[in-house]
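Residues per chain are reported as follows:
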Amino acid sequence: MTVANISVSETPLVLYTLRRADDALILGHRLSEWCGHAPMLEEDMALANMGLDLLGQARELYSYAAKVEGRDNDEDKFAYLRDVRQYRNLLLLEQPNGDFARTMVRQFFYATFADLYWRAMMRSSDLTLAAIAAKSEKESAYHVRHSSEWIVRLGDGTEESHRRTQSAIDELWAFTGEMFAVDDSERGLIDARIAVDPAALHPQWLKTVSSVVSEATLALPKSDWMQQGGRSGRHSEHLGHLLSELQSMQRTFPGATW
Amino acid sequence: MVTAVLSDTDLRRRAWEVAAQVVDPEIPVLTIADLGVLRDVRVRDGRVEVAITPTYSGCPAMNMIALEIELALERAGIGRPTIRTVLSPAWTTDWMSEDGRNKLRAYGIAPPQASSSRRALFGEQQVSCPQCGSGNTELLSEFGSTSCKALWRCKACREPFDYFKCH
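The shown structure was predicted, so the numbers you read here are calculated from the model rather than taken from an experiment.

Counting its regular elements, chain A contains 11 helices and 0 strands. Secondary structure elements in chain A, listed N-terminal to C-terminal, are α-α-α-α-α-α-α-α-α-α-α. Against the 2.2 N^0.38 benchmark of 18 Å for 258 residues, chain A shows a C-alpha radius of gyration of 18 Å, consistent with a compact globule. Expressed as lengths along the three principal axes of its C-alpha atoms, the size of chain A is roughly 55 × 45 × 30 Å. In chain A, which comprises 258 residues, the share counted as buried stands at 58%. Within chain A, residue pairs in contact and separated by at least 24 positions form 80% of the contacts whose partners lie at least 6 positions apart. When the accessible surface of chain A is summed, it comes to about 11,100 Å², and 54% of that surface belongs to carbon and sulfur atoms. Each charge sign in chain A was given a centre, from 27 positive and 37 negative side chains, and these centres are 4 Å apart.

With that out of the way, let us pick up unusual backbone geometry. At the junction of B:Ser88 and B:Pro89, the peptide bond is cis and its omega measures out at -5° in the coordinates. Within the secondary structure, B:Pro89 is located in the loop between strand E3 (82–85) and helix H4 (98–107). Of note in this structure, A:Thr217 is not a glycine but carries a positive phi near 60°. By the secondary structure assignment, A:Thr217 is in the loop between helix H9 (202–215) and helix H10 (237–246). The exposure class of A:Thr217 is partly exposed, given its relative accessible area of 43%. Phi at B:Asp45 takes a positive value of approximately 50°, unusual for a residue other than glycine. Inspection of the secondary structure puts B:Asp45 in the loop between strand E1 (38–44) and strand E2 (47–52).

Here we come to the layout of surface pockets. In this structure, the largest pocket spans a volume of roughly 1,700 Å³. In terms of lining, the largest pocket is formed by 49 residues, of which the most central are A:Leu55, A:Arg59, A:Glu75, A:Asp76 and B:Asn63. Elements with a contribution of two residues or more to the lining of the largest pocket: helix H1 (12–32), helix H2 (41–69), helix H3 (75–80), helix H6 (127–155), H10 and helix H11 (248–252) of chain A together with helix H3 (61–75) and E3 of chain B. The leading source of residues in the lining of the largest pocket is H2(A), at 12 residues. For the lining of the largest pocket, the per-class residue count stands at 26 nonpolar, 16 polar and 7 charged.

Turning our eyes to something else, we now look at H3(B). Residues and elements named next belong to chain B. In a regular helix each residue adds 1.5 Å, so 15 residues correspond to 21 Å; H3 covers 21 Å between its end C-alpha atoms and thus fits that length. Within H3, burial applies to Ala61, Met62, Ile65, Ala66, Ile69, Glu70, Ala72 and Leu73. Where H3 is buried, its residues meet helix H1 (8–20), helix H2 (32–35), E2 and E3.

Further remarks concern the UniProt feature "domain: MIP18 family-like" (unreviewed entry) in chain B. Summarizing the sequence annotation, UniProt attributes the feature "domain: MIP18 family-like" (unreviewed entry) to residues 20–74 of chain B in the numbering used throughout. Along residues 20–74 of chain B the backbone is 35% helical and 24% strand, and the end-to-end C-alpha distance reaches 14 Å.

By size, the foremost hydrophobic cluster in this structure holds 116 residues, and its most contacted members are A:Phe109 and A:Tyr110. Considering each element in turn, this core owes the most residues, 14 residues, to helix H5 (residues 100–121) of chain A. Each of domain 1 (8–91) and domain 2 (108–164) of chain B accounts for three or more of the residues forming this core. Aside from chain neighbours lying at most four places away, what touches A:Phe109 is A:Leu92, A:Ile169, A:Leu172, A:Trp173, A:Thr176, A:Met179, A:Trp205 and A:Val209.

Residue and element names in this part refer to chain B. Strand order across the open sheet formed by 4 strands is E4-E7-E6-E5, with mixed pairing between neighbours. At either margin of the open sheet sits one strand with a lone partner, and together these are strand E4 (109–110) and strand E5 (137–141). Relative to strand E7 (residues 160–164), strand E6 (residues 149–154) runs antiparallel, the two sharing 5 bridges. Bridge pairing in E7 places Lys149 opposite Phe164.

Parameters and conventions
- Residues numbered from 1 in each chain as written.
- Chains lettered and ligands numbered in written order.
- Predicted model: local features only at pLDDT ≥ 70, side-chain atom pairs only at ≥ 80, totals over all residues.
- Heavy atoms only, no water.
- Helix = DSSP H or I, 4+ residues; strand = E, 2+ residues; numbered from the N terminus.
- Rg over C-alpha atoms; globule rule 2.2 N^0.38 Å.
- Buried < 20%, exposed > 50% of the residue type's maximum accessible area, 1.4 Å probe, protein only.
- Contact = heavy atoms within 4.5 Å.
- Areas by Shrake-Rupley, 256 points an atom, 1.4 Å probe, with all protein chains shown as cover.
- Lys, Arg positive; Asp, Glu negative; His and termini not counted.
- Charge placed at Lys NZ, Arg CZ, Asp CG, Glu CD.
- 1 Å grid on protein atoms, 1.4 Å probe; cavity = no way out; pocket = protein on both sides within 12 Å on 5 of 7 lines; lining within 4 Å.
- Points joined across faces, edges and corners; volume = space filled by probe spheres on them.
- Nonpolar A, V, L, I, M, F, W, Y, C, P; charged D, E, K, R; others polar.
- Expected span 1.5 Å × (residues − 1).
- UniProt positions renumbered as here; feature names shortened; annotations may be inferred.
- Core = buried A, V, L, I, M, F, W, Y, C linked by side-chain atoms within 4.5 Å.
- Domains from an automatic or database assignment.
- Pairing = 2+ DSSP bridges.

Structure representation (structure tokens):
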């Protein structure tokens, strides 16, 4: 038996909110995969803590998307009953955990962006998004510090940790451009000051990332070719596997509750 | 059975007093009033509405706190309230009462320090050990047993301890 996917009326504001909710849910799920597997107990707790922050942000964003959409969708239906092509998260965030260095590089690229993004969104003319931003920016400040410290420790660590961290940077770099891309549906929200223009955050992001990477004796790739697609539902093969696990309970036992 | 008819003002005050006694399930020495999680109590058409605010977005204690408020008000004969979650203004440790800070310290958790800078990328903080009071302490992990706590160790008495993070 299969459970039908929900349909979503993707007005610009619903789509915008879902994209951010999906970012938080997918990265939060990836971090939760470390639970019980991290290299040390403190990191196990740190990754689970950050995953929980992201899950909390996702829930608030999904609930708001449901309210704006005004149909009978809710946070659970958005999370459990949409298929890969309906997910709108950044490709960066669905990339597999790999080794610890790779998880930290992914976290560092995103958290540095999210921190700037949520701080700017506190001035959104949409009061709910501004309120969610005010909570999220406090959490992202910790995420940035945590991952920055690890980038330095790993990059400026042993030959092996340096090699692994550099290779993670090289592999994930092409996914960073999508964070700063804007499509037509978001342009109107930016003009209405509901959304911030992410391109305006890029210089500061690059400055922070460059300074930490250089302190870590690592280097950013020269290439500026960037892969996109997540925002419009064109994902890497990894998201399907992630969702099959995340959604397995609701797909097997529709409507199951605790 | 005696039914006391309370005015809205009295009802509101009573409901606040009862709700204010509800404790945080993770840190049972602190009430939700100490924490600043309890934001407002109102009476609308004879029904009590309690507003709470989450500490962290994903804090799993929020569901439990909402349930505990409902139970406490029912037990006090006030009836089942409506629980409203407010996000703005965002919760901050600045709202923690002085009494709450003292209770935390006595419980073995270092209270949040108002002056520490959350924004410093590689910032140094000074946290005193809640056991022996020494300032000779070190950070083990910024992420502790719950979202709101970091794990520290005292280099004087060698005891590990929780620090309630600034937020």
